[in-house]
Amino acid sequence: MAPTFAAIGLAVADMGKSLAFYRRLGLDIPAGAEDAPHVEATLPGGVKLMWDTYETIRSFYPDFSVTGGDGRISLAFACAGPADVDRTHAALVKAGHESHLEPWDAPWGQRYAVVLDPDGNGVDLFAPLT
């Protein structure tokens, strides 16, 4: 039997900041999880998004180091429509998160924007143009 894809894991410097960011995107994350070393949220369809602090990862992988640069991981969130891409992007930027790409109309037929989460991961926001 082949393995089944089940989860995406994020290594985070600050659990509270990361969870607050993803809660703003509508994820159902357990209350009080900010102080936990490991957190999981089940997404629609059953795949889990998991967060581990750097310290937690180093507890079983002592040589773990954070690598810099763009493109380590990207998560994408579908929005209700083009205006929702703009609203969501603006709300995240107003909350102090860095815009990586301002909203734009992509040639493949979507309104698209990218905001960086607290650990520098790209989070794409998109919706069909029509």
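See the structure shown above.
Okay, so let's go over this structure. (Residues numbered from 1 in each chain as written. Predicted model: local features only at pLDDT ≥ 70, side-chain atom pairs only at ≥ 80, totals over all residues. Heavy atoms only, no water.)

Turning our attention to the packing of aromatic side chains. Any aromatic ring pair is given by two values, namely how distant the centres are and how the planes are angled relative to each other. In the structure shown here, the tally under the stated rule is eight aromatic pairs. With centroids separated by 4.9 Å and ring planes inclined at 80°, the aromatic side chains of Phe 21 and Tyr 22 adopt a geometry described as edge-to-face. Phe 21 sits in the buried class, given a relative accessible area of 0%. Residue classification places Tyr 22 among the buried residues on the basis of a relative accessible area of 0%. Each ring, one from Tyr 54 and one from Phe 64, has its centre 5.8 Å from the other, and the planes form 50°; the classification is tilted. Remark: Phe 64 occurs in the loop between helix H2 (54-60) and strand S4 (74-78) and Tyr 54 occurs in helix H2; sequence separation between them is ten residues. (Phe/Tyr/Trp six-rings, centres within 6.5 Å; stacked < 30°, edge-to-face > 60°. Buried < 20%, exposed > 50% of the residue type's maximum accessible area, 1.4 Å probe, protein only. Helix = DSSP H or I, 4+ residues; strand = E, 2+ residues; numbered from the N terminus.)

Now for the sheet that holds strand S2 (residues 38-42). Read across the open sheet, the three strands follow the order S1-S3-S2; overall the sheet is mixed. Here the strands that pair on one side only, and so sit at the sheet edges, are strand S1 (7-12) and S2. If you compare each strand with its neighbour and ignore which way they point, the axes differ by 20° on average. On the sheet, helix H1 (residues 15-24) packs against S1, S2 and strand S3 (48-53) and is oriented at approximately 155° with respect to S3. (Pairing = 2+ DSSP bridges. Axes fitted to C-alpha atoms, helices over the stretch in contact; angles between N-to-C directions. Contact = heavy atoms within 4.5 Å.)

The subject of this paragraph is a nonpolar patch on the surface. Together, Leu 101, Trp 104 and Trp 108 make up a nonpolar patch on the protein surface, roughly 310 Å² of accessible area in all. Relative to the helices and strands, Trp 104 resides in strand S5 (residues 99-105). (Patch = residues over 30% accessible without salt bridge, like charges linked within 9 Å, V, L, I, M, F, W, Y side chains within 5 Å. Areas by Shrake-Rupley, 256 points an atom, 1.4 Å probe, with all protein chains shown as cover. Salt bridge = Lys/Arg side-chain N within 4 Å of Asp/Glu carboxyl O.)

Next up on the list: the pattern of salt bridges. In total, this model carries five salt bridges according to the counting rule given. Across the pair Lys 48 and Glu 40 runs a salt bridge whose closest N-O atoms are separated by 3.1 Å. Owing to a relative accessible area of 31%, Lys 48 belongs among the partly exposed residues under this scheme. Take Glu 40: its relative accessible area is 33%, and that puts it in the partly exposed class. For the salt bridge of Arg 111 with Asp 105, the shortest nitrogen-to-oxygen distance reads 3.0 Å.

Read these as spatial facts, not as claims about activity.
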